[in-house]
Amino acid sequence: MCGVLGLFRTRPVSTDLVEGLIALQHRGQDSAGIITSDITFHLKKGNGTAGTVFNEKNLARLTGNIGIGHVRYPTAGPGSDEDAQPFYVNSPFGIATAFSGNLTNYFKLRRELTKRDFRQLTSFSDAEPILNVFADELGKTNLDKFSPESVFRAVKGTFRRVKGAYSVVALIQNKGMLAFRDPYGIKPLAFARQGPEFMFASESVAFNRLGFARFRDVEPGEAVFIDTRRRVHSKQVLPAKLQPCIFEYVYFARPDSVLDRIEVYEARLRLGEKLAAEVARHHVHPDLVVPIPDTARAAANSLARALNVELREGLIKNRYIFRTFIMPGQKKRMFSVRQKLNPVRSQIKGKDVLLVDDSIVRGTTSKEIVQMVREAGARKVYLAITAPPLRHPCVYGVDMMTRGEFVAKRHSVQKIQQLVGADALVYQTYDGLVKAVRGKETGRRFCTACFTGTYPTGITNKDLIRMERERRKWTNQ
Ligand code: SF4
């Protein structure tokens with residue numbers, strides 16, 4: 001998924017960028033990076049969280065009132081130091097970009113750029129092709145007569161060549177700051193302005209942190225360019241076909257964010273209410289509702305209220321362990337479940353417990369948790385999931401990219417219940433998911449491809465097989 005930031009202030013931005021990245025840290029802990037600009041670019045990036053990559057010494061070097069930042073979640077590439085963002089190219093002008101998403105024509109672009117355009121790529125990150133395509137497109141404009149229109153033409157050319165999901169923030173040296181979002185708006189991106197200062201961020205929570213009170217979404221297919229005289233230019237470069245990732249509301253985004261005018265926390269409350277109706281329909285009657293922290297907490301709350309059952313924090317999370325789903329590799333995931341969660345025996349013992357979680361991908365995490373709660377003395381362990389069964393790979397930047405990894409692809413709900421060892425398993429319905437996330441935004445469409453197999457950008461089965469092969473080659477999975 002990744003998190004991106006752009007900041008243009010009337011004072012140096014490096015420490016504020018770190019603050020903003022910390023607010024977006026849940027979007028990826030694999031690497032962090034910042035590039036600022038004054039008379040030249042100043043870059044610091046590396047593997048690890050924002051807190052580990054940046055220190056007083058390297059921040060002092062990141063001078064300038066304008067900059068962009070990135071936290072990385074590994075989706076493309078082997079995840080080495082070289083894949084950390086932002087990236088920059090020297091020509092034209094000097095351009096730096098940070099990107100959230102995943103390119104579905106990555107290898108094609110890579111071949112075009114290296115073999116046809118003789119550009120040198122230094123990593124396996126799909127951020128680099130998008131930067132080079134944009135640079136190439138900007139280079140085709142009349143550089144002596146640079147204007148916002150040149151930028152918008154280059155963005156249009158980029159939209160034409162790049163396929164997939166992408167929200168991009170960029171610096172063009174001595175020209176300004178730019179942001180654009182793919183025509184489906186699959187990844188979130190928002191824009192805030194406060195007097196002469198400007199900010200872009202993947203999630204609104206970063207605006208709150210840096211004191212920007214008002215914001216709006218960058219529309220799908222839109223580009224926003226702020227020139228060095230702090231004038232805002234925006235253009236709907238391609239028609240918007242908004243279909244944001246529905247999984248952001250279920251799992252990924254922070255509950256205190258607002259994405260595309262929908263409050264994540266409210267959406268999760270509604271998910272809980274809808275799920276409560278399903279639990280009742282399945283005649284599951286727990287003594288206690290226990291959220292699996294953190295993502296499912298809001299939904300568990302409203303579910304418990306709707307069922308008139310007490311909610312207890314029966315599982316405590318060690319907050320110094322990363323989210324299991326976000327960690328690549330099966331071994332790491334299994335190891336970290338018991339490291340991350342511990343049951344509160346006094347609350348669970350002798351009770352019929354309904355655990356509430358956000359999703360089941362492989363089923364191994366759920367199995368560990370159900371077993372842990374049983375070992376803590378629960379009489380019965382039920383499991384309710386705020387999302388419907390995940391069955392299809394995400395090609396847009398969430399780390400569930402291979403068809404074989406979904407337990408629900410291969411097994412019925414009844415069989416999954418057996419596999420995870422629960423006394424009952426209740427999933428959200430697809431209708432329930434969409435209605436709950438929509439709320440008052442009736443008619444809103446979403447990317448729901450991992451539930452339905454219908455991809456907004458028209459991915460075919462052949463494409464899925466190709467992407468899976470490429471990914472396997474990189475990760476040796
Ligand atoms: S496939 Fe699923 S996780 Fe991926 S962007 Fe679409 S809704 Fe989000």
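What counts and what doesn't
Residues numbered from 1 in each chain as written. Predicted model: local features only at pLDDT ≥ 70, side-chain atom pairs only at ≥ 80, totals over all residues. Heavy atoms only, no water. Helix = DSSP H or I, 4+ residues; strand = E, 2+ residues; numbered from the N terminus. Axes fitted to C-alpha atoms, helices over the stretch in contact; angles between N-to-C directions. Left-handed = near helix turned anticlockwise from the far one by under 90°. Contact = heavy atoms within 4.5 Å. Nonpolar A, V, L, I, M, F, W, Y, C, P; charged D, E, K, R; others polar. Salt bridge = Lys/Arg side-chain N within 4 Å of Asp/Glu carboxyl O. Buried < 20%, exposed > 50% of the residue type's maximum accessible area, 1.4 Å probe, protein only. Domains from an automatic or database assignment. Core = buried A, V, L, I, M, F, W, Y, C linked by side-chain atoms within 4.5 Å. Expected span 1.5 Å × (residues − 1). Parallel < 35°, antiparallel > 145°, perpendicular 65-115°, else oblique.

**Some remarks on the environment of A240**
Reasoning step 1: Considering the arrangement of structural elements, one finds A240 in the loop between β13 (232–236) and α8 (247–252).
Reasoning step 2: Sequence separation between A240 and E219 is 21 residues; the distance between their C-alpha atoms is 6.8 Å.

**Regarding the packing of helix α9 (residues 264–281) against helix α16 (residues 430–438)**
Reasoning step 1: Running from amino to carboxyl end, α9 crosses α16 at an angle of 145 degrees, the nearest separation of the two axes being 8 Å. Every pair of crossing elements has a handedness; the one defined by α9 and α16 is right-handed. The segment α9 lies against α16, with A267, R270, L271 and K274 engaging G432, L433, K435, A436, V437 and R438.
Reasoning step 2: Residue composition of the contact of α9 with α16, grouped by class: five nonpolar, one polar and four charged.

**Focus on the pattern of salt bridges**
Reasoning step 1: By the definition in use, this model includes 36 salt bridges.
Reasoning step 2: Here E248 ties to R27 by a salt bridge, and the two come within 2.8 Å at their closest N and O atoms. Of this pair, E248 sits in helix α8 while R27 sits in the loop between α1 (14–23) and β2 (31–37); the two residues are 221 residues apart in sequence, bridging distant segments of the chain.
Reasoning step 3: For E248, a relative accessible area of 1% gives the class buried.
Reasoning step 4: Here R72 ties to D30 by a salt bridge, and the two come within 2.7 Å at their closest N and O atoms. Here R72 is found in strand β4 (residues 66–72), whereas its partner D30 is found in the loop between α1 and β2, with 42 residues between them in sequence.
Reasoning step 5: We classify R72 as buried; its relative accessible area is 4%.
Reasoning step 6: On the basis of relative accessibility, which here comes to 23%, the residue D30 falls in the partly exposed class.

**Section: the domain arrangement of the chain**
Reasoning step 1: Split into domains, the chain comes out as domain 1 (3–242) and domain 2 (266–444).
Reasoning step 2: Using only C-alpha atoms to locate each centre, domain 1 and domain 2 end up separated by 34 Å.

**A few points about the nonpolar core**
Reasoning step 1: Ranked by internal contacts, the top residues of the largest apolar core, which has 41 residues, are F247, Y249, L390, Y396, M400 and F451.
Reasoning step 2: Of all the secondary structure elements, the ones that give two or more residues to this core are α8, α9, α16, α17 (449–452) and α18 (461–475).
Reasoning step 3: Ranked by the residues each element gives to this core, the list is headed by α8, at five residues.
Reasoning step 4: The two domains that each donate at least three residues to this core are domain 1 (3–242) and domain 2 (266–444).

**Description of helix α5 (residues 127–139)**
Reasoning step 1: Its 13 residues give α5 an end-to-end C-alpha distance of 18 Å, which sits within 8% of 18 Å, the value for a rise of 1.5 Å per residue.
Reasoning step 2: Summarising burial for α5: 12 of the 13 residues are buried, a large majority.
Reasoning step 3: For α5, every residue scored as buried is listed here: A127, E128, P129, I130, L131, N132, V133, F134, A135, D136, E137 and L138.
Reasoning step 4: As for α5, its buried residues are in contact with β5 (87–89), β6 (95–103), α4 (106–116), α6 (148–161), β7 (164–172) and β8 (176–181).

**A short note on the packing of α9 against helix α10 (residues 297–307)**
Helix packing geometry: the angle between the two helix axes and the distance between the axes.
Reasoning step 1: Contact pair α9 / α10: the axes reach a minimum separation of 7 Å and the direction vectors enclose 45 degrees. Considered as vectors, α9 and α10 are oriented oblique to each other. Crossing geometry of α9 relative to α10 is assigned as right-handed. Here α9 contributes Y265, R268, L269, G272, E273, L275, A276, V279 and A280 to the contact with α10, which in turn contributes A298, A299, S302, L303, R305, A306 and L307.

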